[in-house]
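# Coordinate analysis (summary)
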Amino acid sequence: MADAIRHRGPDDSGVWFDSSSGVGLGHRRLSILDLSSLGHQPMWSGSGRYVVVFNGEIYNFLELRALLERRSVVFRGQSDTEVIVALADEFGVVDAIGRCSGMFALAIFDRQERSLYLVRDRLGEKPLYYGWLADSLIFGSELKALRAHPDFVGGVDRDSLALFMRYCYIPAPWSIHPQVRKVDAGTILRFDLSRDFHEPDRIEYWSSRATAMRARQTGFAGSHEDAVTALDELLRKTVRSEMVADVPLGGFLSGGIDSSLVVAQMQANSARPIKTFTIGFHEADFNEAKHAKAVAHHLGADHTELYVTPRDSLEVVPRLPLLYDEPFADSSQIPTFLLSQLTRQHVTVSLSGDGGDELFGGYWRYFLGDRLWRRMRPIPRGIRRWGAGLIRKLAPGRWDHVLAATSRVLPKRFRAAATGDRLHKLASVLTATTAADLYRNLVSHWPDPSALVLGSSEPTIPETPGSAWAGMGSIVPNMMLLDAASYLPDDILVKVDRATMGVSLESRAPFLHHDIYEFAWSLPLESKVGRGGSKRILRDLLARYVPRTLFERPKMGFGVPIEHWLRGPLREWASDLLSVDRLRRQGFLNVDLVERTWCEHLSGRRNWQYLLWDVLMFQAWLET
């Protein structure tokens, strides 16, 4: 099982087994702190009571170590792992975890009480799966570790598959396999081996929702400029703590606001040029490399860039099912892997700007959702439904012709950026009855996954209509909170973790420190989504380090031209995976619906790239 995830830890390995309790722990180590054998895992506490296997980093381990040394604890080495088990000895497991700041997934076995603890960090940066095989409990950082167990039985959870087709990822706690689940972010599962451990005690030691609500109620006391200064100090302190490593370190740099700000703070904390990395594309619509290069030059960073060809990107596609272990269809997984591959040639740790969009209001859907909901609410639903029907009477291609003709006769400032596909998306949004319904429509790929996945019943998650809405009052903070609770850990962080760890690179995200999360939620909304732009406070802070002319531009994203690839170089691969005979033989998907969607895309009548990429990533995973 440990060997199956050797890529996550190529430097060392260890196994410990306790025959009296029937507990075994295996570990693969990527050496970052204390490269000596004193950092070897599994690791025992000083008393011998606790044994731990740990993936991640504890950023405040030096402060915690100093606290423990004042309590007369003696350390053998310099690793943060040793601090974790020493904390458990002093304060117990739950209290110990609450004191740790960082990204982590870990298992701690309490030999005295015969209890096993599975723990995941607050915002879900590190993965942790678990499941049952007859009378055995198994767990690991990736599904491939669980699959290595001789008794493992796979299978497809059709309900989880329905969730995947809606969101392009499988949200926690579900997984693609019926008997396997994910530990939720901010959660400790305690399995008591002296009783029926199929039902663990669930301890939520940190809640993104409760923290956000508490921070909003407290609020930030000061002006917007005061908030910019406070964030500057907090982010610089956080970046400094996340730059601690005994191996080479650098930063991802896209040239966007978030990564530029992290690199600026890294450079402010360093006397030497920070190593930065970006990949570029020859297609102008997808290329931000020139902006990254300009930012790096201004900051004095040691910059490396690599321009990749469509062939480079296409060669990654066959690797995706093995890399991600379960269906995952965020197409930016391809450039993320290429960037990780480039970066690992130079450093072992890289800091990123992940989390900036979710915490500080960076997505266009926040503006769109707010504007639509305020304008829609006064209009009776019957009229909205009628309007949606009118939009659907014309196919997207016909709308494109109408809009193009209209555009030619209007002054430039009045020309619409709408397309037929966007209007059809608007039609689905117009029928929303609640704010939660609107949000789900905006983030959905397949609008009715149960019609696509045969024999499925889509599970309820927080943004499902009829369930509890996030409770944040207006629609924008509700959307931001739900993104932080699901889209961030289950899409963005999965994408980054598998891409980086797949090449034995550790990625750290300073914006996801829980102190910054709490600070962001203490701010008034206008400090994030205000004055006609997103991430206002981040823009104002970055302007203290980089001229606005280098970063004030429309958000580009980190995508690849899937739409055109499916009609071109990937057409044969996709046609094979979507063949009617194959789909019927497998029996998971509605064959007629998939075939119609594929034909409409190939003809150019519709752009179904996102829906088809979902199906193709499932098909490729299933084949693998």
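Here's a quick rundown of the structure.

On to the sheet that holds strand β12 (residues 249-252), then. Taken together, the 5 strands give an open sheet; going across it, the order is β14-β13-β12-β15-β16, and neighbouring strands pair in parallel fashion. Looking along the sheet, the strands with just one partner apiece sit at the ends: β14 (302-308) and β16 (506-508). Taking the axes of each pair of neighbouring strands and ignoring which way they run, one obtains an average angle of 30 degrees across the sheet. Helix α12 (residues 333-344) contacts β12, β13 (275-281), β14 and β15 (349-351) of the sheet and is inclined by roughly 140 degrees relative to β13.

The side chains of a regular strand alternate, residue by residue, between the two faces of the sheet. Pairing of strand β1 (residues 12-18) with strand β2 (residues 23-29) involves 7 bridges; the strand directions are antiparallel. Bridge assignment links D18 to a residue of β2, and that residue is V23. As consecutive antiparallel partners, β1 and β2 are separated by 4 residues, and within that stretch G22 has a phi angle of approximately 70 degrees, a positive value.

All right, on to the side chain of S115 then. Relative to the helices and strands, S115 resides in strand β6 (residues 115-120). A distance of 3.1 Å separates polar atoms of two side chains, one belonging to S115 and the other to R190. The contact partners of S115, leaving out residues within four places of it in the chain, are I108, F109, D110, R190, F191 and D192.

Moving on, we get to the side chain of H514. Position of H514 relative to the elements: it lies in helix α21 (residues 514-522). Discounting residues that sit within four places of it in the chain, H514 has contacts with S101, R122 and W206.

When you tally the buried positions in strand β5 (residues 102-110), you get 9 out of 9 residues, the bulk of the element. Sheet topology places strand β4 (residues 50-58) next to β5; 9 bridges connect them, and they run antiparallel. Residue pairing for β5: Y50 is matched across the bridge by D110. Where β5 meets β6, 6 bridges bridge the pair, whose relative direction is antiparallel. In the strand pairing of β6, I108 is matched with Y117. If you look at the hairpin formed by β5 and β6, you'll find 4 residues sitting between the two strands, and R114 has a positive phi there, around 50 degrees.

This brings us to the nonpolar core. Core analysis: the biggest nonpolar cluster contains 183 residues, and L161, M165, F360, L589 and W613 have the highest contact counts within it. At 14 residues, the largest contribution of residues to this core is made by helix α20 (residues 475-501). Not counting residues within four places of it along the chain, the set of residues in contact with L161 comprises V156, I176, V453, F588, L589 and F618. One finds L25, V53, F109 and L137 within the second-largest nonpolar core, a separate group that totals 18 residues.

Because each turn of an α-helix spans 3.6 residues, side chains separated by three or four positions end up pointing in the same direction. Where helix α6 (residues 208-218) is concerned, the buried positions are S208, T211, A212 and A215. The buried side chains of α6 occupy one side of the element, clustering within an arc of 100 degrees when seen end-on. If you follow the buried residues of α6, they end up packed against α20 and α21. Among the residues of α6, the N-terminal cap falls to S207, whose side-chain oxygen and the backbone nitrogen of R209 are separated by 3.3 Å. The positive-phi residue at the C-terminal boundary of α6 is G219, with phi of around 75 degrees.

Scoring rules and cut-offs
Residues numbered from 1 in each chain as written. Predicted model: local features only at pLDDT ≥ 70, side-chain atom pairs only at ≥ 80, totals over all residues. Heavy atoms only, no water. Pairing = 2+ DSSP bridges. Helix = DSSP H or I, 4+ residues; strand = E, 2+ residues; numbered from the N terminus. Axes fitted to C-alpha atoms, helices over the stretch in contact; angles between N-to-C directions. Contact = heavy atoms within 4.5 Å. Polar contact = N/O pair within 3.5 Å; in protein donor to acceptor, adjacent residues only side chain to side chain. Buried < 20%, exposed > 50% of the residue type's maximum accessible area, 1.4 Å probe, protein only. Core = buried A, V, L, I, M, F, W, Y, C linked by side-chain atoms within 4.5 Å. Arc of directions from axis to C-beta.

Geometric values such as these leave the question of function open.
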